[in-house]
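Results of the structural survey
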Amino acid sequence: MDARIRIRNTKSIVFKSVVVFLAFMITIPLIVILVYIIKQGVMQVNWHFLTNVPAPVGEPGGGISNALVGSIIIVAMSSMIAIPIGMLAGIYLSENPGTRLAHYSGLCVDILQGVPSIVVGIVVYFWVVKPLGTFSAISGSIALAMMMMPIVIRSTEQTLKLLPDTLKEAALSLGVPYHRVILKVIIPCGFSGILSGIMLSVARIVGETAPLLFTAFGNPYLSTSITKPMQSLPLLIFNYATSPYDDWHNLAWGASFMLLMFVLILNISTKLVTRKWNIQL
Amino acid sequence: MPLLKNKRLDLSYSQMKWETVFKRLLIAMSTVLVIIVAGILITLIVQSMPSIKSLGLGYLWGKVWDPVQNIYGAYPFLLGTLLTSFTALIISIPFSYAIAIYLGEYNTRGWLSNLLKNTVELIAAVPSVIYGFWGLFVLVPIVRSLEMKIGVAPYGVGVFTSSLILAVMIIPYAASLGTSLIRMVPSPLKEGAYALGATRFEVIRSVILPYTRSGLFAGILLSLGRALGETMAVAMLIGNTTTIGNTFKDIFFGPGNTMASVIASQFTEADHTVYLSALIELGLVLFFVTVIINLVGKRIITKYTNN
Amino acid sequence: MEHSVVSATKFNAWFGDNHAVKDVSIRIDKNQVIAVMGPSGCGKTTFLRCINRMHELIPGTRTEGSLKLYDDEIYTMNPIYVRYKIGMVFQRPNPFPNLSIYDNVIAGYKLNGLKMTKADMNAIVEKSLTSAALWNEVKDSLHKKGTFLSGGQQQRLCIARAIAMEPEVILFDEPTSALDPISTSSIETLFHELKANYTLIIVTHNMQQAARVSDKTAFFYLGELVEFDNTKQMFTAPKDVRTQNYITGRFS
């Protein structure tokens, strides 16, 4: 009896060791990649790097200002499209769960969330780029907005569903009309959940390349026109990393470093926001 | 009319019309979602039409892709997609499960658990183009020397390399889903087994894993869906060819293409209608496959969490 | 002729197919405390929620019959106006967690976007909190959020919030069932003070409470108003055998 138990216990310990080992192995690629990017990239970053456009092939120096500005503009525009639509749709889904529209709309949210980013890019190419006759920042923003929406919608919906009904009832019983109940009571109470959903959606699209390949397309110059092609950080990284020029590789490392830092900061901020603004219910 | 004790409240009557406007706006925005998805489907189908009409269904198993001669066959890309995705899946499963079991059962809270959880989330947060970039400069040389050792053509890039990076990228999806599912296993079930003298391993093997089996399978489906649609890292590491190798070794260790990566590489070069349309058709296939996998996965999870 | 504040004539309400309130007729006079009691599922809460038109917010519900505030049909009036005139306090205290105590009290004004001077707002806040017997306890922490208050204090805050709207009638839906006995008794004392200025209709699961606080009591059973009489009369010599059975505990 004793031997059998010892064998079973040993099996348990061995299993745990294997699990722990495999689980923590995941940290290795992350650390390796992060360290490498930081090492290669941090040297590239200086004032010149941040304020100049890439130099032509063969000329040293240059920077990524066009990509930085471009990313900011494109992401800002996407947010302006996706956040209002996403929040309103999320409100509808949480307030009217039984209706047919909620069922089909919810299904479409799930579908949209699974659509590969390259497919979104193709579709927006036909919707915006072809009619406009040119690649453009706005088409890129539309594509990215379509990817942000499901995240904003689901987090808004789930946050609002968690709020107790009594909150709405209290406001309604005071004669507050429905839209004010939602906008002035429900949304503020769910603020932290909704905000973290928004931040997560931004973090998701800030590094996206595929949807921009045939929409924003990229631009070697600094442009702020939304109806012209525009550069973004991930696009620059893709194009310059796959080029045969060392100078451009260096720019890509610097850009990777900036992008990585930004994504990291966004993710950490999201966690802090959730903790700070969580309203005690 | 009873006396309005409080005249200040008079002003709110106009709120009624805003209420209707708001409710209609909510409905409109939800409809937008349906319109978007319908639009995606319609656009993909309409734009694939030229290719569907002139190439027919044989397109899907045609082995030759030669735009110059106007011959299009999707088989190389279907093969590449399946190989990379399934290889990545197989490599990633042990790690995803290990993380899920560790975070779901062995160590559900505390600083070490949080550290691992954050690491996993960070892996999912790193943009795919950065994985591709790193892979190009670090992984490819390593794979190249490995290929020289085992006697295969030392491309460095190829299906194998892409599968490796893809595996890392999809680990978080099954891992975080698995963690939540394992944490949901009701304590009374586990306690019953412990009370009978089971070891930790036995409880995991005979209570937790069977209980979460369908949910964990859904996690695999979601990881698969993610792998199928992944474009950038694969495009940078897969070598971008349109021919199929001769032996399995050639195919697996040599360059190739997936549906997503070939669209990314060739879309802007497609100058005639059928060429472009053939690429869009790939997008249509990709759309259907990933959507179905994702919906099935989500359905399984909803059923699991409702039980 | 005396005007009743709230009067119902053959009033009915449904939840889908469920006929929850059947042909209820009742006349409630000003400045009284009316208790509404009955076993679970008897329709008392549904009827209460019809008075301030909260019932219709649930999809699939409908009503028929006459329900008046003084001479006006409640169901033809603007529902927002109805809720200004008829306030409600709920079973679980539900102050707005994102607002301070001060803002909670004048929430009915602020959330409606009504502009008022600081002086007016201060006056309303102080008056309402005083009427709700909460002023002294919170006057130094008006700008803190109400989460540190006890259950009984939170409920009094909700009462102050309803009073701030200067309603005619205040509806109470089992207002003390989630509170401890001491808080319960302080709120029952409050009912007595409030009736000077308002008409109170209180749904309660607690017979003893009905007997303690009300002038008149209505007994509901299976959707019908079985008996409505002076409380003293109701509890010593009820006219209907169903009331008698309920009071003596044959069912609850």
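Counting restarts for each chain: residues are numbered from 1 in the order of the written sequence. All chains are assigned letters beginning with A, and all ligands numbers beginning with 1, in the order in which they are written. The model is predicted, so local features are restricted to residues of pLDDT at least 70 and side-chain atom pairs to those at 80 or more, both for listing and for counting; the totals for chains, interfaces and linings are taken over all residues.

Attention now moves to the overall build of chain B. A count of helical and extended segments in chain B gives 12 helices and 0 strands. Secondary structure follows DSSP: runs of H or I at least 4 residues long count as helices, runs of E at least 2 residues long count as strands, and numbering of each begins at the N terminus. For chain B, the sequential pattern of α-helices and β-strands runs α-α-α-α-α-α-α-α-α-α-α-α. In this treatment the radius of gyration is a C-alpha quantity, and the globule benchmark scales as 2.2 Å times the residue count to the 0.38 power. In terms of C-alpha radius of gyration, chain B reaches 26 Å, well past the compact-globule figure of 19 Å for 307 residues. Taken along the three principal axes of its C-alpha coordinates, chain B extends 90 × 65 × 35 Å. A residue is called partly exposed when the number of other C-beta atoms within 10 Å of its own lies between 12 and 20, exposed at 12 or fewer, and buried at 20 or more, with C-beta atoms placed from the backbone. Across the 307 residues in chain B, those meeting the buried criterion constitute 47%. Working definition of a contact: two residues with C-beta atoms, positioned from the backbone, lying within 7 Å. Partitioning the contacts of chain B with sequence separation of at least 6, the portion at a separation of at least 24 is 75%.

All names here are of chain B. pLDDT is defined as a per-residue confidence score from the predictor, taking values between 0 and 100. Across chain B, pLDDT averages 89, with 95% of residues at or above 70. Mean pLDDT per element in chain B: helix α10 (residues 248-253) is the minimum at 86, and helix α9 (residues 232-237) is the maximum at 95. Within the model, the stretch residues 1-5 combines pLDDT values under 50 with 6 contacts to residues more than four positions away or in other chains.

Chain B puts 68 residues into the contact, and the matching count from chain A is 64 residues. Considering each element in turn, the side of chain B that touches chain A owes the most residues, 21 residues, to helix α1 (residues 15-55) of chain B. Nonpolar residues are Ala, Val, Leu, Ile, Met, Phe, Trp, Tyr, Cys and Pro. Charged residues are Asp, Glu, Lys and Arg, and all others, Gly as well, are polar. Counted by class, the side of chain B that touches chain A contains 48 nonpolar, 14 polar and 6 charged residues.

All right, on to the environment of Pro39(C) then. Residue and element names in this part refer to chain C. With respect to the element layout, Pro39 can be found in the loop between β3 (33-37) and α1 (44-51). The partly exposed category is assigned to Pro39, around which 14 C-beta atoms lie within 10 Å. Through-space distance from the C-alpha of Pro39 to that of Phe219 is 9.1 Å; in sequence the pair is 180 residues apart.

Multiplying 1.5 Å by the helix residue count minus one yields the expected span of that helix. The end-to-end C-alpha distance of helix α2 (residues 75-106) of chain B, which contains 32 residues, comes to 45 Å, matching closely the 46 Å that a straight helix rising 1.5 Å per residue would cover. At any given residue, the bend is defined as the angle formed between two axes, one fitted to the seven residues that end at that position and one fitted to the seven that begin there. Along α2(B), the largest kink reaches about 40 degrees and is centred on Ser92(B); proline Pro94(B) follows within four residues of it.

What follows concerns the interface of chain A and chain C. With 19 residues of chain A at the interface, the matching set in chain C holds 20 residues. Broken down by secondary-structure element, the contributors of at least two residues to the side of chain A that touches chain C are α8 (165-173) and α9 (178-189) of chain A. Counting residues per element, the side of chain A that touches chain C draws most heavily on α8(A), which supplies 7 residues. The residue inventory of the side of chain A that touches chain C, partitioned by class, reads 12 nonpolar, 4 polar and 3 charged.

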